[in-house]
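Structural overview for review
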Amino acid sequence: MSKVDKNVDAGHSVVNREVVELDKSEKPLKASNDAEKAERYSVYSKREKWFLVSLASLSALLSPLTANIYFPALPVLSTQFHKSLELINLTVTSYMVFQGIAPAFWAPIADRYYGRRLVFIMCLSTLSLSCVGLALTPTNAYWLLLLLRCFQAAGSASTVAISAGLIVDIAEPAERGGFLGVYSLGPMAGPAFGPIIGGALSGSLGWRAIFWFMCIFAGCVLVVIILVLPETLRSLVGDGSIPPPRFLRPVIRFGNYTTGNNSQRPPKKPWANPARLFVNPDVVLILLPNAVVCAVYYGVSTTISILFQQKYPFLTQTDIGLCYIAIGGGCIPGSYVNGKLLDRHYKAAEREYKAKKAESASGNPEESEKPRSPFEQKMDVNFPLERARLQMIPYNLAVFVACTVGYGWSLEAGVHISVPLILSFFIGWSFIAIMNISQTFIMDLFPTQGSSITASNNLIRCTSGAALVAVEQLIIDAINPGWTFVIFGGLCVVLYPMMHYEMINGHKFRERRMKRLAEKARKEAETEAEKAKQNP
């Protein structure tokens, strides 16, 4: 055995002995009613998992839908409130700011003691009530419109992070990519259909109908969650077989599971600031390029209504809203196909890893007697996690950059409208593939912080997106759409080496993190031993 392997195995043994929460939270729990004592990660059946993923996707839809359904009403609000478009745009800016900040507050609560269910209820209640307030806002109270938009963002934006945490709770790593792919269909449907719904409601029933629609939609999702959503936080319910506190139980019992015992419950995690995740180099190497890609995607989305109207003046407002179907339509199949590929590549890497371990264990009986949990396996320096998850990034990024540049030049040249629409379809396809790959990989690294890592991702994405959108029109006015999107595509290319470096050297960061955890556990054990000696 190599020196590196010995060090990693020593770290694993200490971590296991001290029950480090990152490890234990991903250990499958023993099924008490299984004669063969087969390991299981979650008590829920495949069908029940798909129901929970669908409910999570529906909840996560609320955030982008709330943001995008509002855009067609901006000129109407400017007239009704007697304010300039610049002031009305502040309601969009404030929404984006709170969209990035709010999950950083809610996610640690959902990841720590209070679980997914309670935070879901609090967020959706906030969203529903803020929509009622917005629908009733008098036109002489601009300040109230601005304030309630902040509350609306605080209630809706966090559903994305909490939903992602729910999937980590119930899905094993080998099936997580497929679940995340289907789950992300909800968030991607918002940008595609939000402007269409908003334009139809605003044009026929008035701008207040937009907020009444969102209130009814959010209220219906809230009722379903109250009735059937079980608590899934593993530090509260283990694999789902441990009953949570009574106030966290659904009205209607979900699933047919056996009751576990408290020894199966992983330890509760201490309070952690999601921003602390950025001290990990591998997090920065993935999330920073990911944020730039997301910002460029937002840049493309925001120019559809502006540039299409300039280049194709025959389009009506309804027609322009329908143009968003192309970019959103690309996200939907791209998310599904990419999820399937992620699962396939992970399983192939897992088979390769186990085969090599079995071969090396044939000459070392002690090695074969060391069972590894899914987290231990992924943190093993010999497991090709980075290659399994990130190998499709270069191909998707190449498609994204090429289509982004082509989109800009096609609009500048004023070619047939089908060309930018087709290009925007593939922009959406490749964008969601890159987002899903990055999100799945980071969740693999930090399985017990699903909501927090999603909140951190959301924070940097919203910040970069807001910054790019704020200067985008100034750049277009100065150098025209063609060169503007060349610059945007170039930014993605310049930052890609960060992802490539992680794909090649990421295993080193995993090894260092495991050693730090082992050293921390060793010191805690020594401290407890000293206390035991002093107080026999």
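A few points on the structure. The numbering scheme is per chain: residues are counted from 1 as the chain's sequence reads. Local features are withheld for residues below a pLDDT of 70 in this predicted model, meaning they are given only at 70 or higher, and side-chain atom pairs are given and counted only at 80 or more; totals for whole chains, interfaces and linings count all residues. Each side-chain value is worked out from all heavy atoms of the structure, with water and hydrogens disregarded.

**Topic: the overall build of the protein chain**
- What counts as a helix is a DSSP run of H or I of at least four residues, what counts as a strand is a run of E of at least two, and both are numbered from the N terminus. Looking only at helices and strands, one finds 20 helices and two strands in the protein chain.
- Relative accessibility under 20% of the residue-type maximum defines a buried residue, over 50% an exposed one, and the middle range a partly exposed one, all with a 1.4 Å probe and only protein chains included. A buried classification covers 56% of the 536 residues belonging to the protein chain.
- Long-range contacts, defined as pairs at least 24 residues apart, comprise 82% of the intrachain contacts of the protein chain with a sequence gap of at least 6.
- Where accessible areas are quoted, they stem from the Shrake-Rupley method and a 1.4 Å probe; at the residue level, only the protein chains shown are allowed to cover. Accessible surface for the protein chain amounts to roughly 22,500 Å². Of this, 64% is attributable to carbon and sulfur atoms. Note on contacts: a residue pair qualifies if any of its non-hydrogen atoms lie within 4.5 Å across the two residues.

**Overview of helix H8 (residues 158-170)**
- The span one expects for a helix is its residue count, reduced by one, times 1.5 Å. For H8, built from 13 residues, the straight-helix expectation of 18 Å at 1.5 Å per residue is met to within 8% by its first-to-last C-alpha distance of 19 Å.
- Within H8, 13 of the 13 residues are buried, which leaves it mostly tucked inside the rest of the structure.

**Observations regarding unusual backbone geometry**
- Within the chain, His82 stands out as a residue other than glycine whose phi angle is a positive 55°.
- Taking relative accessible area as the criterion, His82 reaches 69% and is therefore assigned exposed.
- Here the phi dihedral of Asn480 falls at roughly 75°; this positive angle occurs in a residue that is not glycine.
- You can see Asn480 is positioned in helix H20 (residues 450-534).

**Concerning the packing of aromatic side chains**
- Stacked, tilted and edge-to-face pairs are distinguished by plane angle, under 30 degrees for stacked and over 60 for edge-to-face with tilted covering the rest, among Phe, Tyr and Trp rings (Trp via its six-membered ring) whose centres lie within 6.5 Å. Within the structure shown, the criterion is met by 14 aromatic pairs.
- Here the aromatic rings of Trp207 and Phe211 are separated by 6.2 Å at their centres, their planes lie at 80°, and the arrangement is edge-to-face.
- On the basis of relative accessible area, Phe211 is assigned to the buried category, the value being 3%.
- For the ring pair Trp409 and Trp483, a centre distance of 5.4 Å and an interplane angle of 75° mean the geometry is edge-to-face. Of the two residues, Trp409 sits in helix H18 (residues 393-413) while Trp483 sits in helix H20, which places them 74 residues apart along the sequence.
- With a relative accessible area of 31%, Trp409 lands in the partly exposed category.
- In this structure an aromatic cluster arises from ring pairing among Tyr70, Phe81, Trp207 and Phe211.
- Placement of a positive charge over a ring is assigned whenever Lys NZ or Arg CZ falls within 6 Å of the ring centre and within 35 degrees of the normal to the ring plane. Arg149 extends its terminal NZ or CZ atom over the ring of Tyr70, reaching a point 3.7 Å from the ring centre.

**A short note on the nonpolar core**
- Nonpolar cores are built from buried Ala, Val, Leu, Ile, Met, Phe, Trp, Tyr and Cys residues. Side-chain atoms within 4.5 Å join them into one set. One finds Tyr183, Phe308, Phe400, Tyr407 and Phe431 to be the most contacted residues of the largest nonpolar core, which totals 122 residues.
- For this core, the leading source of residues is helix H13 (residues 281-311), giving 14 residues.
- Both domains that meet at this core, namely domain 1 (44-255) and domain 2 (272-359 + 381-535), each give it at least three residues.
- Filtering out sequence-adjacent residues up to four positions away, Phe431 remains in contact with Met188, Val293, Cys294, Tyr297, Cys331 and Phe400. Domain boundaries shown here were taken from an automatic or database domain assignment.

**With respect to a nonpolar patch on the surface**
- There is a patch of nonpolar side chains on the surface, built from Val223, Ile226, Leu227, Val251 and Ile252 and spanning about 400 Å² of accessible area.
- Mapped onto the elements of the fold, Ile252 is located in the loop between helix H12 (234-237) and H13.
- On the basis of relative accessibility, which here comes to 45%, the residue Ile252 falls in the partly exposed class. Residues with no salt bridge and a relative accessible area higher than 30% make up the patches, which join like charges within 9 Å and nonpolar side chains (Val, Leu, Ile, Met, Phe, Trp, Tyr) within 5 Å. Just to be clear on terms, a salt bridge is a Lys or Arg side-chain nitrogen sitting within 4 Å of an Asp or Glu carboxyl oxygen.

**Concerning the side chain of Arg461**
- Take Arg461: it is sitting in helix H20.
- A residue is classified by how much of its surface remains accessible, and Arg461, at 18% relative accessible area, is buried.
- What Arg461 contacts, discounting residues up to four positions off in sequence, is Asn290, Ala291, Cys294, Tyr298 and Met435.

**Observations concerning helix H3 (residues 46-68)**
- Compared with the 33 Å implied by 1.5 Å per residue over 23 residues, the 33 Å span of H3 between its first and last C-alpha is a close match.
- Fitting axes to the seven residues ending at a residue and to the seven starting there, one defines the bend at that residue as the angle between these axes. Of all the bends in H3, the largest measures some 25° and sits at Leu62, one to four residues before the proline Pro64.

As far as function goes, none of this settles anything; it's purely spatial.
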